[in-house]
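Results of the structural survey
Residue strings, one per chain:
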Amino acid sequence: MKEKLETLFINNQKWNKLLNMTALNGDKYFREKHYLDLIKKYMPKEDSVEIFKELLEKKMFKRKFSYECDDDIYDAELLEKKCEICGLKVIEHEYFELYSPSYLSELSKNNIQLIKDYYDSDSKIVMEDVRSNIDRVIPFVGSGISKNVGMPLWLELFKKAKDKISDEYKPYFDLEYESKNIDKIIEMVKRVHPLIQDDKDLKKEIIAPEIKKTIPNEILLNSIIPDILKLDAEYIITTNYDDLLEKTSLLLCSGYEESRDISSFQGFESLDETQYIFHIHGTIKNYDSMVVTNEDYNNLYDSEEKKRILSGLINKHSMLFLGFSMDDTYFSDEFGKICESNKGYCTNYYVMINGDRQKKDELLKTTNVRFINIKSTNFDIKNQYEFMIEYILGNIYIE
Ligand SMILES: [Zn+2]
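Computed from a predicted model, the values in this text were never measured in an experiment.

**A word on the coordination of the zinc ion**
For the zinc ion, the full set of protein donor atoms is Cys69 (SG), Cys83 (SG), Cys86 (SG) and His93 (NE2), and the range of their distances to it is 2.1 to 2.3 Å. One can describe the site at the zinc ion as tetrahedral: its four donor atoms subtend angles covering 95 to 115° at the metal. Taken in sequence order, the residues that donate to the zinc ion follow the motif C-x13-C-x2-C-x6-H. Placement of the pair is Cys69 in strand S1 (residues 61-69) and His93 in the loop between strand S2 (72-76) and strand S3 (94-101), with a sequence separation of 24 residues. According to the relative accessible area criterion, Cys69 is buried, its value standing at 7%. Owing to a relative accessible area of 12%, His93 belongs among the buried residues under this scheme.

**So, the packing of aromatic side chains**
Following the criterion strictly, the structure yields 22 aromatic pairs and no others. For the pair Phe61 and Tyr103, a centre-to-centre distance of 6.5 Å together with 80° between the ring planes defines the contact as edge-to-face. With Phe61 in strand S1 and Tyr103 in the loop between S3 and helix H5 (104-118), this pair connects stretches of sequence that are 42 residues apart. On the accessibility criterion, Phe61 (11% relative accessible area) is buried. The interplanar angle of 90° and the centroid separation of 5.7 Å between the aromatic rings of Tyr118 and Phe387 together place this pair among those described as edge-to-face. Of this pair, Tyr118 sits in helix H5 while Phe387 sits in helix H18 (residues 381-392), placing them 269 residues apart in sequence. Exposure remark for Tyr118: the relative accessible area of 6% places this residue in the buried category.

**Overview of the environment of Cys83**
Residue placement: Cys83 occurs in the loop between S2 and S3. With relative accessibility at 3%, the residue Cys83 sits in the buried group. Sequence-wise, Cys83 and His93 are 10 residues apart; in three dimensions their C-alpha atoms are separated by 9.0 Å. Apart from residues lying up to four places away in sequence, Cys83 is in contact with Tyr67, Cys69, Leu88 and His93.

**Considerations on the domain arrangement of the chain**
Many authors give the size of an interface as the accessible area that is lost as the parts come together. When cut into domains, the chain gives domain 1 (2-106), domain 2 (119-151 + 215-392) and domain 3 (155-211). Computed over C-alpha atoms, the centres of domain 2 and domain 3 are 26 Å apart. In this complex, domain 2 contributes 14 residues to the contact, which on the side of domain 3 involves 16 residues. Roughly 1,300 Å² of surface becomes buried between domain 2 and domain 3 when both sides are summed, with 64% attributable to carbon and sulfur atoms. Its largest share of buried area at the contact with domain 3, domain 2 owes to Tyr287, Val292 and Thr293, together 39% of the area lost on that side. Where domain 2 meets domain 3, there are two salt bridges. Among the ionic pairs, Glu156 bridges to Lys147, the shortest N-O distance being 3.4 Å. Applying the counting rule to domain 2 against domain 3 returns four residue pairs in polar contact (both at pLDDT 80 or more). When its residues are assigned to classes, the side of domain 2 that touches domain 3 shows seven nonpolar, two polar and five charged.

**Section: helix H15 (residues 304-314)**
Three or more residues of H15 are buried, namely Ile309, Leu310, Leu313 and Ile314. What you see down the axis of H15 is that its buried residues fit within an arc of 125°, all on one side. Measuring from the backbone nitrogen of Glu305 back to the side-chain oxygen at the start of H15 gives 3.4 Å, which picks out Ser303 as the cap. Just beyond H15, the residue with positive phi is Lys316, at close to 70°.

**Comments concerning the nonpolar core**
Ranked by size, the top nonpolar core spans 68 residues in total, and within it Tyr119, Ile237, Phe321, Tyr350 and Met388 carry the most contacts. Here this core takes six residues from H18, the largest share from any one element. Within the second largest apolar cluster, 25 residues are counted, among which are Leu155, Ile165, Val192 and Tyr241.

**Comments concerning the sheet that holds strand S9 (residues 348-353)**
Sheet strands associate in pairs through backbone hydrogen bonding, adopting either a parallel or an antiparallel arrangement. The strand order S6-S7-S5-S4-S8-S9-S10 describes an open sheet built from seven strands, whose pairing is parallel. The sheet is open, and its two borders are formed by strand S6 (258-261) and strand S10 (369-374), each paired with just one other strand. Neighbour-to-neighbour, the strand axes of the sheet open up by a mean angle of 25°, direction not taken into account. Packed on one face of the sheet, helix H13 (residues 244-252) meets strand S4 (137-141), strand S5 (235-238), S6 and strand S7 (276-279) and runs near 170° to S7. Running at roughly 125° to S5, H15 makes contact with S5, S7 and strand S8 (318-322) of the sheet.

**Points about the environment of Leu231**
With respect to the element layout, Leu231 can be found in the loop between helix H12 (225-230) and S5. Taking relative accessible area as the criterion, Leu231 reaches 9% and is therefore assigned buried. Apart from residues no more than four positions distant in its own chain, Leu231 is found in contact with Ile134, Pro139, Leu320, Ile389, Ile392 and Leu393.

**Some remarks on unusual backbone geometry**
Phi at Asp70 is positive, roughly 55°, even though this residue is not glycine. The topology assignment puts Asp70 in the loop between S1 and S2. The exposure class of Asp70 is exposed, given its relative accessible area of 65%.

**Points about the pairing of S8**
Of all five residues making up S8, five are buried, and the element is well covered by its neighbours. Here S8 shows a buried face lined by Ser318, Leu320 and Leu322 and a second buried face lined by Met319 and Phe321. Pairing of S4 with S8 involves five bridges; the strand directions are parallel. Bridge pairing in S8 places Phe140 opposite Phe321. Pairing of S8 with S9, which is carried by two bridges, proceeds in the parallel orientation. Considered in S9, the bridge of Phe321 is made with Tyr350.

What counts, and where the lines are drawn
Residues numbered from 1 in each chain as written. Predicted model: local features only at pLDDT ≥ 70, side-chain atom pairs only at ≥ 80, totals over all residues. Heavy atoms only, no water. Donors = N, O, S within 2.8 Å, 3.2 Å for Na, K, Ca; no water. Tetrahedral: all angles 85-135°; square planar, octahedral: opposite > 155°, others 65-115°. Helix = DSSP H or I, 4+ residues; strand = E, 2+ residues; numbered from the N terminus. Buried < 20%, exposed > 50% of the residue type's maximum accessible area, 1.4 Å probe, protein only. Phe/Tyr/Trp six-rings, centres within 6.5 Å; stacked < 30°, edge-to-face > 60°. Contact = heavy atoms within 4.5 Å. Domains from an automatic or database assignment. Buried area = accessible area lost by both parts, 1.4 Å probe. Salt bridge = Lys/Arg side-chain N within 4 Å of Asp/Glu carboxyl O. Polar contact = N/O pair within 3.5 Å; in protein donor to acceptor, adjacent residues only side chain to side chain. Nonpolar A, V, L, I, M, F, W, Y, C, P; charged D, E, K, R; others polar. Arc of directions from axis to C-beta. Core = buried A, V, L, I, M, F, W, Y, C linked by side-chain atoms within 4.5 Å. Pairing = 2+ DSSP bridges. Axes fitted to C-alpha atoms, helices over the stretch in contact; angles between N-to-C directions.

See below:
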């Protein structure tokens, strides 16, 4: 019966963080206040005294007594026990209660099982590699992360263009769209869309309305974004035009409220001590900064000044790619360039979902990358991401 209750608690997302953080001290004993503080920190919406009481009732803690006799401190399991020093009962001394978690091996077993269920077999060792490099890790965030809260994926941005082009062109649009060739899609849109003549129109009429959609705070806070912010890196790089990372950071006071892009970059010196989000493809706030077409893209990697800024951001750091799709050929070019540029200094990491380790070798133009592969199953992807970040941060208890 006891074991069943423990399993129930351990598998409950609400409790899981607290149970892991409590377990990380192993079987050391602490006073009640230690646990109340942890509950306040990890379950801030709950009444900490009530939660602690519940844990005690469910026999999640072992208890012992610490008492003072003859200026020394002794331990006892029971208050009725006789003191070996003076012969009086423990209860007749000055004493206090100490607690230690009793669910350690259950939790450990459960965590090991989760790693097996959530990720493919090579991922654990890669996550541990990320952990050992954590001081150099920079999250590199793609459109999959924004998609998770209801934003369109990179290619999907252009889907809406179809609504306003006349029927005779729609089949051609579909053909180009299926090819996934962004340049051809853009060319097509510019040719046949009545409101779009140039790149600026494209950004204003097609991209901006999609990116400026308001995402409710509740959705942001329950997304993967807070987990990315938790890595507490010096900065975060993103290819996204939206400011969802900044917005979520503001809600959580995590310190990443500053947006930067190549055109507004003031140099690395001015950024000491400030955490910021670097939009490598620009932001919606500044249409000129946005990298959309192949021309913009070539311009980004051709200019010496821009290259200098990019290499300053990437070299000597390990990129942790999140929310990118291997099928996005547009990205895989850039991905190869980035991974090659810090070769010799650092290894990069790529988090893929249900990826094909075989296929990825054909697609990627670099060897300077290791893979974490999230198995897409019946689990909630948010839990899988969260667990991965917590594991990287060393917050998951394993015996
Ligand atoms: Zn005594």
